[in-house]
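Structure assessment
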Amino acid sequence: MKRAVVIGATGQIGRPAVRALARDGWAVTAASRGGGRDASWPDEVRTVRLDREDDAALAAVIGEDCDLVVDIVAFGDRHARQLTAMAGRVGSAVVISSVSVYEDDKGRNFDTQAEPDGFPEYPVPLPETQRTVTPGDTSYSTRKAALERELLAAGKQLPTTLLRAGAVHGPHCRTPRELYFVKRNLDGRRRRVIAYGGESRFHPVSVHTLAELIRLAAARPASRVLNACDDEAPTVADIAAAIDTVMGTETETVLVDGPPPAPTVGDSPWSVPVPVVCDMSAAQRELGYRPVVRYAETLPETVESIERQLSGRDWREAYPKMVQAYGDLFDYAAEDAWLDRV
(Lines give C-alpha, C1' and ligand atoms only; values in the text may rest on other atoms or scores of the structure.)
Protein backbone atom coordinates (compact mmCIF):
# COMPACT_ATOMS: atom_id res chain seq x y z
CA MET A 1 0.00 0.00 0.00
CA LYS A 2 1.15 3.52 -0.70
CA ARG A 3 1.69 5.66 2.39
CA ALA A 4 0.17 9.12 2.88
CA VAL A 5 0.60 11.66 5.66
CA VAL A 6 -2.16 14.23 6.19
CA ILE A 7 -1.11 17.32 8.16
CA GLY A 8 -4.02 19.04 9.89
CA ALA A 9 -6.06 15.85 9.84
CA THR A 10 -8.66 16.76 12.45
CA GLY A 11 -9.65 20.07 10.87
CA GLN A 12 -12.69 20.56 8.69
CA ILE A 13 -10.87 19.62 5.47
CA GLY A 14 -8.59 17.01 6.96
CA ARG A 15 -11.34 14.77 8.32
CA PRO A 16 -13.01 13.95 4.98
CA ALA A 17 -9.62 13.97 3.21
CA VAL A 18 -8.28 11.22 5.47
CA ARG A 19 -11.47 9.25 4.97
CA ALA A 20 -11.34 9.60 1.17
CA LEU A 21 -7.69 8.55 0.93
CA ALA A 22 -8.16 5.58 3.25
CA ARG A 23 -11.12 4.34 1.22
CA ASP A 24 -9.02 4.75 -1.92
CA GLY A 25 -6.45 2.30 -0.61
CA TRP A 26 -3.85 4.57 0.98
CA ALA A 27 -2.18 3.73 4.28
CA VAL A 28 -2.88 7.03 6.01
CA THR A 29 -1.12 8.67 8.94
CA ALA A 30 -3.38 11.41 10.32
CA ALA A 31 -1.25 14.09 11.97
CA SER A 32 -2.70 16.90 14.08
CA ARG A 33 -1.79 18.99 17.09
CA GLY A 34 -4.06 16.97 19.35
CA GLY A 35 -3.53 13.61 17.68
CA GLY A 36 -7.26 12.94 17.64
CA ARG A 37 -9.34 10.52 15.59
CA ASP A 38 -12.53 11.09 13.63
CA ALA A 39 -15.22 8.48 14.20
CA SER A 40 -15.70 8.03 10.45
CA TRP A 41 -12.11 6.93 9.80
CA PRO A 42 -11.30 3.26 9.26
CA ASP A 43 -9.47 1.58 12.14
CA GLU A 44 -6.38 1.24 9.96
CA VAL A 45 -5.78 5.01 9.98
CA ARG A 46 -2.80 5.78 12.21
CA THR A 47 -2.99 8.97 14.31
CA VAL A 48 -0.06 10.99 15.65
CA ARG A 49 0.44 14.27 17.49
CA LEU A 50 2.34 16.88 15.53
CA ASP A 51 3.46 20.43 16.19
CA ARG A 52 3.72 21.76 12.66
CA GLU A 53 6.36 24.32 13.67
CA ASP A 54 8.72 21.59 14.92
CA ASP A 55 10.89 20.68 11.92
CA ALA A 56 12.30 17.53 13.55
CA ALA A 57 8.85 16.29 14.56
CA LEU A 58 7.52 16.85 11.05
CA ALA A 59 10.46 14.98 9.51
CA ALA A 60 9.92 12.09 11.92
CA VAL A 61 6.23 11.78 11.03
CA ILE A 62 6.91 11.84 7.29
CA GLY A 63 9.75 9.34 7.63
CA GLU A 64 12.13 8.14 4.94
CA ASP A 65 9.70 6.77 2.37
CA CYS A 66 6.43 8.67 2.04
CA ASP A 67 4.47 8.54 -1.18
CA LEU A 68 2.20 11.49 -0.46
CA VAL A 69 1.95 14.47 1.89
CA VAL A 70 -1.36 16.29 2.09
CA ASP A 71 -0.87 19.62 3.85
CA ILE A 72 -4.07 21.32 4.94
CA VAL A 73 -2.44 23.96 7.15
CA ALA A 74 0.63 25.08 5.19
CA PHE A 75 1.01 28.85 5.26
CA GLY A 76 3.88 30.99 3.99
CA ASP A 77 7.30 30.25 2.57
CA ARG A 78 8.63 28.69 5.79
CA HIS A 79 6.13 25.85 5.65
CA ALA A 80 6.86 25.44 1.95
CA ARG A 81 10.58 25.11 2.66
CA GLN A 82 9.83 22.50 5.32
CA LEU A 83 8.24 20.37 2.62
CA THR A 84 10.79 21.00 -0.13
CA ALA A 85 13.61 20.12 2.27
CA MET A 86 12.18 16.59 2.38
CA ALA A 87 11.71 16.28 -1.38
CA GLY A 88 13.91 13.21 -1.61
CA ARG A 89 11.74 11.36 0.87
CA VAL A 90 8.31 12.40 -0.45
CA GLY A 91 6.82 11.28 -3.73
CA SER A 92 4.35 14.13 -4.19
CA ALA A 93 2.25 16.63 -2.26
CA VAL A 94 -1.21 18.16 -2.31
CA VAL A 95 -1.41 21.51 -0.51
CA ILE A 96 -4.36 23.78 0.21
CA SER A 97 -4.05 27.35 -1.02
CA SER A 98 -6.76 29.98 -1.51
CA VAL A 99 -8.56 32.02 -4.18
CA SER A 100 -7.48 35.05 -2.16
CA VAL A 101 -4.13 34.96 -4.01
CA TYR A 102 -5.78 36.38 -7.12
CA GLU A 103 -5.70 40.05 -8.06
CA ASP A 104 -7.32 41.83 -10.98
CA ASP A 105 -5.63 43.55 -13.90
CA LYS A 106 -5.58 46.84 -11.96
CA GLY A 107 -3.70 45.30 -9.03
CA ARG A 108 -6.76 45.11 -6.77
CA ASN A 109 -7.19 42.08 -4.52
CA PHE A 110 -8.77 40.97 -1.26
CA ASP A 111 -6.24 43.02 0.70
CA THR A 112 -7.36 46.26 -1.02
CA GLN A 113 -11.10 45.70 -0.81
CA ALA A 114 -11.57 48.10 2.13
CA GLU A 115 -10.16 50.97 0.09
CA PRO A 116 -12.39 53.20 -2.09
CA ASP A 117 -12.88 51.38 -5.39
CA GLY A 118 -10.54 48.76 -4.03
CA PHE A 119 -12.53 45.58 -4.58
CA PRO A 120 -11.14 43.47 -7.42
CA GLU A 121 -13.16 42.85 -10.57
CA TYR A 122 -12.29 39.38 -11.72
CA PRO A 123 -13.27 37.69 -14.97
CA VAL A 124 -16.20 35.29 -14.67
CA PRO A 125 -15.35 32.52 -14.47
CA LEU A 126 -11.95 33.15 -12.89
CA PRO A 127 -9.18 30.94 -14.37
CA GLU A 128 -5.94 29.80 -12.76
CA THR A 129 -4.03 31.94 -15.27
CA GLN A 130 -5.28 35.15 -13.62
CA ARG A 131 -2.44 37.17 -12.06
CA THR A 132 -1.77 36.81 -8.34
CA VAL A 133 -0.57 39.06 -5.53
CA THR A 134 3.12 39.62 -4.90
CA PRO A 135 4.38 36.92 -2.49
CA GLY A 136 5.31 38.22 0.94
CA ASP A 137 4.52 38.04 4.64
CA THR A 138 2.17 41.01 5.08
CA SER A 139 -1.20 39.25 4.80
CA TYR A 140 -2.98 35.94 4.45
CA SER A 141 -3.09 36.38 0.67
CA THR A 142 0.58 37.28 0.22
CA ARG A 143 1.67 34.42 2.46
CA LYS A 144 -0.40 31.92 0.49
CA ALA A 145 1.20 33.32 -2.67
CA ALA A 146 4.64 32.84 -1.10
CA LEU A 147 3.71 29.25 -0.26
CA GLU A 148 2.73 28.64 -3.87
CA ARG A 149 5.89 30.21 -5.27
CA GLU A 150 8.22 28.05 -3.19
CA LEU A 151 6.39 24.81 -3.89
CA LEU A 152 6.03 25.39 -7.62
CA ALA A 153 9.75 26.20 -7.82
CA ALA A 154 10.50 22.69 -6.54
CA GLY A 155 9.08 21.31 -9.79
CA LYS A 156 9.86 17.65 -10.40
CA GLN A 157 11.78 17.35 -7.13
CA LEU A 158 8.47 17.55 -5.29
CA PRO A 159 5.45 17.52 -7.63
CA THR A 160 2.82 19.54 -5.80
CA THR A 161 -0.82 20.16 -6.60
CA LEU A 162 -1.93 23.45 -5.06
CA LEU A 163 -5.69 23.67 -4.56
CA ARG A 164 -7.00 27.24 -4.47
CA ALA A 165 -10.01 26.83 -2.24
CA GLY A 166 -13.05 29.09 -2.33
CA ALA A 167 -15.34 29.79 0.64
CA VAL A 168 -15.03 26.50 2.52
CA HIS A 169 -18.17 25.08 4.12
CA GLY A 170 -18.96 21.98 6.13
CA PRO A 171 -18.86 20.62 9.70
CA HIS A 172 -16.03 21.49 12.12
CA CYS A 173 -15.40 24.87 10.50
CA ARG A 174 -13.97 27.54 12.82
CA THR A 175 -15.25 30.37 10.60
CA PRO A 176 -18.54 29.15 9.10
CA ARG A 177 -20.12 31.87 6.98
CA GLU A 178 -23.47 30.13 7.44
CA LEU A 179 -23.39 31.29 11.08
CA TYR A 180 -24.61 34.68 9.83
CA PHE A 181 -28.04 33.28 8.97
CA VAL A 182 -28.20 30.30 11.34
CA LYS A 183 -27.82 32.40 14.47
CA ARG A 184 -30.37 34.95 13.28
CA ASN A 185 -32.90 32.16 12.84
CA LEU A 186 -32.05 30.71 16.25
CA ASP A 187 -32.49 34.17 17.79
CA GLY A 188 -35.93 34.56 16.23
CA ARG A 189 -34.90 37.34 13.86
CA ARG A 190 -37.53 37.23 11.16
CA ARG A 191 -36.26 40.19 9.16
CA ARG A 192 -32.77 40.40 7.73
CA VAL A 193 -30.93 42.91 5.58
CA ILE A 194 -28.75 41.84 2.65
CA ALA A 195 -26.61 44.28 0.68
CA TYR A 196 -25.95 44.34 -3.07
CA GLY A 197 -29.52 43.25 -3.79
CA GLY A 198 -28.73 39.76 -2.45
CA GLU A 199 -26.89 39.02 -5.70
CA SER A 200 -23.38 38.66 -4.25
CA ARG A 201 -21.65 35.44 -5.26
CA PHE A 202 -18.53 34.22 -3.48
CA HIS A 203 -17.79 30.75 -4.81
CA PRO A 204 -18.15 28.12 -2.06
CA VAL A 205 -16.40 24.78 -1.77
CA SER A 206 -17.61 21.86 0.31
CA VAL A 207 -15.16 19.90 2.41
CA HIS A 208 -16.42 16.89 0.45
CA THR A 209 -15.45 18.56 -2.84
CA LEU A 210 -11.98 19.28 -1.46
CA ALA A 211 -11.60 15.69 -0.26
CA GLU A 212 -12.47 14.44 -3.75
CA LEU A 213 -9.99 16.82 -5.38
CA ILE A 214 -7.29 15.71 -2.93
CA ARG A 215 -8.04 12.07 -3.68
CA LEU A 216 -7.84 12.60 -7.42
CA ALA A 217 -4.68 14.75 -7.26
CA ALA A 218 -2.99 12.12 -5.09
CA ALA A 219 -3.39 9.60 -7.89
CA ARG A 220 -2.09 12.02 -10.56
CA PRO A 221 1.03 13.76 -9.20
CA ALA A 222 2.12 16.94 -10.98
CA SER A 223 3.34 20.46 -10.29
CA ARG A 224 0.27 22.70 -10.83
CA VAL A 225 -2.36 25.02 -9.37
CA LEU A 226 -6.06 24.27 -9.61
CA ASN A 227 -9.17 26.10 -8.50
CA ALA A 228 -11.07 24.17 -5.87
CA CYS A 229 -14.76 25.11 -5.74
CA ASP A 230 -18.19 23.52 -5.98
CA ASP A 231 -19.90 23.25 -9.35
CA GLU A 232 -22.35 26.03 -8.44
CA ALA A 233 -21.95 29.52 -6.99
CA PRO A 234 -25.28 30.45 -5.36
CA THR A 235 -26.12 34.06 -4.52
CA VAL A 236 -26.17 35.13 -0.89
CA ALA A 237 -29.96 35.39 -1.12
CA ASP A 238 -30.09 31.78 -2.37
CA ILE A 239 -27.91 30.69 0.54
CA ALA A 240 -30.12 32.47 3.07
CA ALA A 241 -33.24 30.85 1.62
CA ALA A 242 -31.62 27.41 1.63
CA ILE A 243 -30.68 27.78 5.30
CA ASP A 244 -34.26 28.80 6.10
CA THR A 245 -35.49 25.63 4.41
CA VAL A 246 -33.13 23.43 6.42
CA MET A 247 -34.15 25.13 9.68
CA GLY A 248 -37.86 25.25 8.84
CA THR A 249 -38.15 29.03 9.24
CA GLU A 250 -39.86 31.79 7.28
CA THR A 251 -37.94 35.04 7.02
CA GLU A 252 -38.50 38.39 5.34
CA THR A 253 -35.45 39.57 3.43
CA VAL A 254 -34.88 43.29 2.99
CA LEU A 255 -32.66 43.76 -0.05
CA VAL A 256 -30.48 46.84 -0.34
CA ASP A 257 -29.15 47.97 -3.70
CA GLY A 258 -25.46 48.72 -3.39
CA PRO A 259 -23.16 48.38 -0.38
CA PRO A 260 -24.20 47.87 3.25
CA PRO A 261 -26.28 50.93 4.27
CA ALA A 262 -24.60 51.24 7.66
CA PRO A 263 -21.71 49.57 9.49
CA THR A 264 -22.65 46.00 10.53
CA VAL A 265 -25.96 46.20 8.62
CA GLY A 266 -26.49 43.86 5.67
CA ASP A 267 -22.81 42.97 5.43
CA SER A 268 -22.76 39.17 5.34
CA PRO A 269 -19.54 37.14 4.97
CA TRP A 270 -20.49 36.58 1.32
CA SER A 271 -21.28 40.23 0.52
CA VAL A 272 -19.12 41.36 -2.39
CA PRO A 273 -19.91 44.06 -4.98
CA VAL A 274 -18.84 41.90 -7.92
CA PRO A 275 -18.95 38.11 -8.34
CA VAL A 276 -16.05 35.86 -7.38
CA VAL A 277 -16.77 32.73 -9.41
CA CYS A 278 -13.99 30.31 -10.31
CA ASP A 279 -13.45 28.23 -13.44
CA MET A 280 -13.31 24.51 -12.58
CA SER A 281 -12.56 23.24 -16.08
CA ALA A 282 -8.84 22.66 -15.35
CA ALA A 283 -9.64 20.28 -12.48
CA GLN A 284 -12.12 18.48 -14.71
CA ARG A 285 -9.58 18.20 -17.49
CA GLU A 286 -6.46 17.31 -15.49
CA LEU A 287 -7.95 15.22 -12.68
CA GLY A 288 -11.14 13.91 -14.23
CA TYR A 289 -13.02 15.74 -11.47
CA ARG A 290 -16.81 15.60 -11.49
CA PRO A 291 -19.07 17.27 -8.90
CA VAL A 292 -19.80 15.09 -5.89
CA VAL A 293 -22.20 17.27 -3.85
CA ARG A 294 -24.48 20.26 -4.21
CA TYR A 295 -24.44 23.16 -1.76
CA ALA A 296 -28.02 22.68 -0.52
CA GLU A 297 -27.42 18.95 0.02
CA THR A 298 -24.60 19.59 2.47
CA LEU A 299 -26.36 22.32 4.46
CA PRO A 300 -28.08 20.06 7.03
CA GLU A 301 -24.76 18.80 8.41
CA THR A 302 -23.33 22.33 8.39
CA VAL A 303 -26.33 23.79 10.23
CA GLU A 304 -26.30 20.93 12.74
CA SER A 305 -22.61 21.49 13.42
CA ILE A 306 -23.17 25.22 14.04
CA GLU A 307 -26.18 24.62 16.30
CA ARG A 308 -24.16 22.12 18.32
CA GLN A 309 -21.22 24.51 18.66
CA LEU A 310 -23.49 27.39 19.73
CA SER A 311 -25.47 25.38 22.28
CA GLY A 312 -25.32 27.21 25.61
CA ARG A 313 -22.50 29.51 24.50
CA ASP A 314 -22.03 33.07 23.35
CA TRP A 315 -21.20 33.08 19.65
CA ARG A 316 -17.94 34.94 20.31
CA GLU A 317 -16.81 32.14 22.59
CA ALA A 318 -17.98 29.46 20.17
CA TYR A 319 -16.37 31.09 17.12
CA PRO A 320 -13.59 33.48 18.19
CA LYS A 321 -12.03 33.46 14.73
CA MET A 322 -15.28 34.79 13.26
CA VAL A 323 -14.92 37.86 15.45
CA GLN A 324 -11.38 38.36 14.19
CA ALA A 325 -12.39 37.92 10.56
CA TYR A 326 -15.70 39.80 10.43
CA GLY A 327 -16.22 41.84 13.60
CA ASP A 328 -19.73 42.13 15.04
CA LEU A 329 -21.98 40.07 12.78
CA PHE A 330 -25.00 40.40 15.06
CA ASP A 331 -25.48 44.08 15.83
CA TYR A 332 -29.24 43.77 16.06
CA ALA A 333 -29.66 47.27 17.54
CA ALA A 334 -28.03 48.81 14.46
CA GLU A 335 -30.17 46.66 12.15
CA ASP A 336 -33.39 47.63 13.95
CA ALA A 337 -32.46 51.31 13.97
CA TRP A 338 -31.86 51.27 10.23
CA LEU A 339 -35.04 49.30 9.52
CA ASP A 340 -37.05 51.74 11.61
CA ARG A 341 -35.69 54.66 9.58
CA VAL A 342 -36.61 53.10 6.24
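Residues numbered from 1 in each chain as written. Predicted model: local features only at pLDDT ≥ 70, side-chain atom pairs only at ≥ 80, totals over all residues. Heavy atoms only, no water.

1. Brief notes about the overall build of the protein chain
Counting its regular elements, the protein chain contains 12 helices and 11 strands. A separation of at least 24 residues holds for 77% of the contacts in the protein chain among residues at least 6 apart in sequence. Carbon and sulfur atoms provide 47% of the accessible area of the protein chain, an area that totals close to 14700 Å². Within the protein chain, one finds 41 positive and 50 negative side-chain charges whose respective centroids are separated by 5 Å. (Helix = DSSP H or I, 4+ residues; strand = E, 2+ residues; numbered from the N terminus. Contact = heavy atoms within 4.5 Å. Areas by Shrake-Rupley, 256 points an atom, 1.4 Å probe, with all protein chains shown as cover. Lys, Arg positive; Asp, Glu negative; His and termini not counted. Charge placed at Lys NZ, Arg CZ, Asp CG, Glu CD.)

2. Quick look at unusual backbone geometry
The linkage connecting Val-124 with the following residue, Pro-125, adopts the cis geometry, with an omega of 0°. Unlike most non-glycine residues, Thr-264 shows phi in positive territory, near 70°. Topologically, Thr-264 is positioned in the loop between strand 11 (252-255) and helix 8 (281-287). Classification of Thr-264 by relative accessible area gives partly exposed; the value is 28%. (Buried < 20%, exposed > 50% of the residue type's maximum accessible area, 1.4 Å probe, protein only.)

3. Structural notes on the packing of helix 5 (residues 179-186) against helix 9 (residues 295-310)
Between helix 5 and helix 9, whose axes approach to 10 Å, the crossing angle comes to 60°. Between helix 5 and helix 9, the angle is such that the two are oblique. For the pair helix 5 and helix 9, the sense of crossing is right-handed. Here Leu-179, Val-182, Lys-183 and Leu-186 of helix 5 lie close against helix 9, whose contacting residues are Val-303, Ile-306, Glu-307 and Leu-310. A breakdown of the residues in the contact of helix 5 with helix 9 according to their chemical character gives 6 nonpolar, no polar and 2 charged. (Axes fitted to C-alpha atoms, helices over the stretch in contact; angles between N-to-C directions. Parallel < 35°, antiparallel > 145°, perpendicular 65-115°, else oblique. Left-handed = near helix turned anticlockwise from the far one by under 90°. Nonpolar A, V, L, I, M, F, W, Y, C, P; charged D, E, K, R; others polar.)

4. Side note on the pattern of salt bridges
Applying the stated criterion across every chain yields a total of 25 salt bridges. A salt bridge links Arg-52 to Asp-71, with the nearest nitrogen and oxygen atoms 2.5 Å apart. Taken as a pair, Arg-52 in the loop between strand 3 (46-49) and helix 2 (55-62) and Asp-71 in strand 4 (residues 66-71) lie far apart in primary sequence, 19 residues in all. Under the relative-accessibility criterion, Arg-52 is labelled buried at 6%. A salt bridge links Arg-164 to Glu-148, with the shortest nitrogen-to-oxygen separation between them at 2.7 Å. Within this pair, whereas Arg-164 is found in strand 6 (residues 160-165), its partner Glu-148 is found in helix 4 (residues 140-154), the two being separated by 16 residues in sequence. For Glu-148, a relative accessible area of 4% gives the class buried. Through salt bridges with shared partners, a single network forms among Asp-104, Arg-108, Asp-117 and Glu-121. (Salt bridge = Lys/Arg side-chain N within 4 Å of Asp/Glu carboxyl O.)

5. As for helix 2
Every buried residue of helix 2 is listed here: Leu-58, Ala-59, Val-61 and Ile-62. One side of helix 2 holds all its buried residues, which, seen down the axis, span an arc of 160°. Within helix 2, the exposed residues directed more than 90 degrees away from the buried face are Ala-56 and Ala-60. As for helix 2, its buried residues are in contact with strand 1 (3-7), strand 2 (27-32), strand 3, strand 4, helix 3 (76-84) and strand 5 (90-98). The backbone nitrogen of Ala-56 has a side-chain oxygen 3.1 Å away, supplied by the residue at the start of helix 2, namely Asp-54. One or two steps after helix 2, the chain reaches Gly-63, where phi turns positive at roughly 75°. (Arc of directions from axis to C-beta. Polar contact = N/O pair within 3.5 Å; in protein donor to acceptor, adjacent residues only side chain to side chain.)

6. A closer look at helix 4
Here helix 4 contains 15 residues, and its C-alpha end-to-end distance of 22 Å stays within 8% of the 21 Å for a straight helix at 1.5 Å per residue. Listed in full, the buried residues belonging to helix 4 are Ser-141, Thr-142, Lys-144, Ala-145, Ala-146, Leu-147, Glu-148, Leu-151 and Ala-154. The elements touched by buried residues of helix 4 are helix 3, strand 5, strand 6 and strand 10 (224-228). Positioned one or two residues after helix 4, Gly-155 has a phi angle of 55°, which is positive. (Expected span 1.5 Å × (residues − 1).)

7. Some points on the packing of helix 5 against helix 7 (residues 236-247)
In contact at an axis separation of 10 Å, helix 5 and helix 7 are set at 45° when each is read in the N-to-C sense. Between helix 5 and helix 7, the angle falls in the class oblique. Both helix 5 and helix 7 take part in a crossing whose hand is right-handed. Residues Phe-181, Val-182, Asn-185 and Leu-186 of helix 5 lie in contact with helix 7, whose contacting residues are Val-236, Ala-240, Ile-243, Asp-244 and Met-247.

8. A few points about the sheet that holds strand 2
One open sheet holds the 7 strands; their spatial order is 3-2-1-4-5-6-10, and the pairing between them is parallel. Two strands in the sheet have a free side with no partner beyond their single neighbour: strand 3 and strand 10. Here the strands of the sheet are splayed against their neighbours by 20° on average, with no regard to which way each runs. Where strand 5 and strand 6 come together, 6 bridges link them in parallel fashion. The residue bridging Val-95 from the neighbouring strand is Leu-162, located in strand 6. Contacts between helix 6 (residues 207-219) and the sheet are confined to strand 4, strand 5, strand 6 and strand 10, with strand 5 contributing the most and set at about 150° to the helix. (Pairing = 2+ DSSP bridges.)

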